[in-house]
Amino acid sequence: GGQVVCTSVLPDELCVNGMSFSKRQSRWANSALVTAVEPDEAFLQPYIEEARNLPGGGHPAMAGLQFQRAMEQEACRRGGGNLVAPVQRATDFIEGRPSEGG
């Protein structure tokens, strides 16, 4: 267990990271789902185009940063702003429904 801490650097983007204490005896868990993103995935195409339009004719490899920025902006929007992270209970995720309450 540990805490989820804000690591955002811009007010319209939300980025968080997990911080564990040495004994990990908190009643809270800092957990997430992680997945690989391959450069040839179709959903990356708009971000590749954005990257190409960066000053200096950005390299398509910059698409990953464009994707990250978009995800952090969406997280900010879904959390309601003010550096609030959107959350969902695991049981609700498995059932395909939004979580209610706080």
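Summarised in this report is the structure supplied together with it. As the structure is a prediction and not an experimental result, all values here were calculated from the model.

## Some remarks on the side chain of Asp92
Structurally, Asp92 is set in helix α3 (residues 90-95). Look at Asp92 and you get buried, because its relative accessible area is 7%. When sequence neighbours within four positions are dropped, the list of residues in contact with Asp92 reads Arg97, Pro98, Ser99 and Glu100.

## A look at the pattern of salt bridges
One pass over the structure, following the stated rule, counts five salt bridges. Across the salt bridge formed by Arg69 and Glu13, the nearest N and O atoms sit 3.4 Å from each other. One end of the pair, Arg69, is in helix α2 (residues 63-79); the other, Glu13, is in the loop between β1 (2-6) and β2 (16-20), with 56 residues separating them in the sequence. Classification of Glu13 as buried rests on a relative accessible area of 8%. Glu74 serves as the salt-bridge partner of Arg77, at 2.5 Å between the closest nitrogen and oxygen. Residue Arg77 and its partner Glu74 are located together in helix α2, separated by three residues, close to a single helical turn. Judged by its relative accessible area of 25%, Glu74 falls in the partly exposed class. Here the residues in one salt-bridge network are Glu74, Arg77 and Arg78, joined through shared partners.

## Here's the deal with the nonpolar core
Core analysis: the largest hydrophobic core is formed by five residues, namely Leu44, Tyr47, Ile48, Ala63 and Phe67. Excluding anything up to four places from it in sequence, Tyr47 contacts Ala63, Gln66, Phe67, Ala70 and Met71.

## Some thoughts on α2
Spanning 17 residues, α2 covers 24 Å between terminal C-alpha atoms, matching the ideal 24 Å at 1.5 Å per step. Of all the residues in α2, the buried ones are Ala63, Gln66, Phe67, Glu72, Ala75, Cys76 and Gly79. Elements that come into contact with the buried residues of α2 comprise α1 (45-52). In the stretch just after α2, Gly80 is the one whose phi turns positive, near 85 degrees.

## Observations concerning the environment of Glu13
Sequence separation between Glu13 and Glu74 is 61 residues, and the spatial gap between their C-alpha atoms is 7.6 Å. Contacts of Glu13, omitting those with residues within four sequence positions, involve Ser8, Arg69, Glu72, Gln73, Cys76 and Leu83. Within the structure, Glu13 has its side chain in polar contact with the side chain of Arg69 (distance 3.4 Å).

## Notes on the packing of α1 against α2
For the pair α1 and α2, interaxial distance at closest approach is 8 Å and the crossing angle is 110 degrees. Between α1 and α2, the crossing angle belongs to the class labelled roughly perpendicular. With respect to the hand of their crossing, α1 and α2 are arranged in right-handed fashion. Touching Tyr47, Ile48, Glu50 and Ala51 of α1 are Ala63, Gln66, Phe67, Ala70 and Met71, all from α2. The residue inventory of the contact of α1 with α2, partitioned by class, reads seven nonpolar, one polar and one charged.

Definitions and limits used
- Residues numbered from 1 in each chain as written.
- Predicted model: local features only at pLDDT ≥ 70, side-chain atom pairs only at ≥ 80, totals over all residues.
- Heavy atoms only, no water.
- Helix = DSSP H or I, 4+ residues; strand = E, 2+ residues; numbered from the N terminus.
- Buried < 20%, exposed > 50% of the residue type's maximum accessible area, 1.4 Å probe, protein only.
- Contact = heavy atoms within 4.5 Å.
- Salt bridge = Lys/Arg side-chain N within 4 Å of Asp/Glu carboxyl O.
- Core = buried A, V, L, I, M, F, W, Y, C linked by side-chain atoms within 4.5 Å.
- Expected span 1.5 Å × (residues − 1).
- Polar contact = N/O pair within 3.5 Å; in protein donor to acceptor, adjacent residues only side chain to side chain.
- Axes fitted to C-alpha atoms, helices over the stretch in contact; angles between N-to-C directions.
- Parallel < 35°, antiparallel > 145°, perpendicular 65-115°, else oblique.
- Left-handed = near helix turned anticlockwise from the far one by under 90°.
- Nonpolar A, V, L, I, M, F, W, Y, C, P; charged D, E, K, R; others polar.

Limitation: the analysis is restricted to geometry and does not speak to function.
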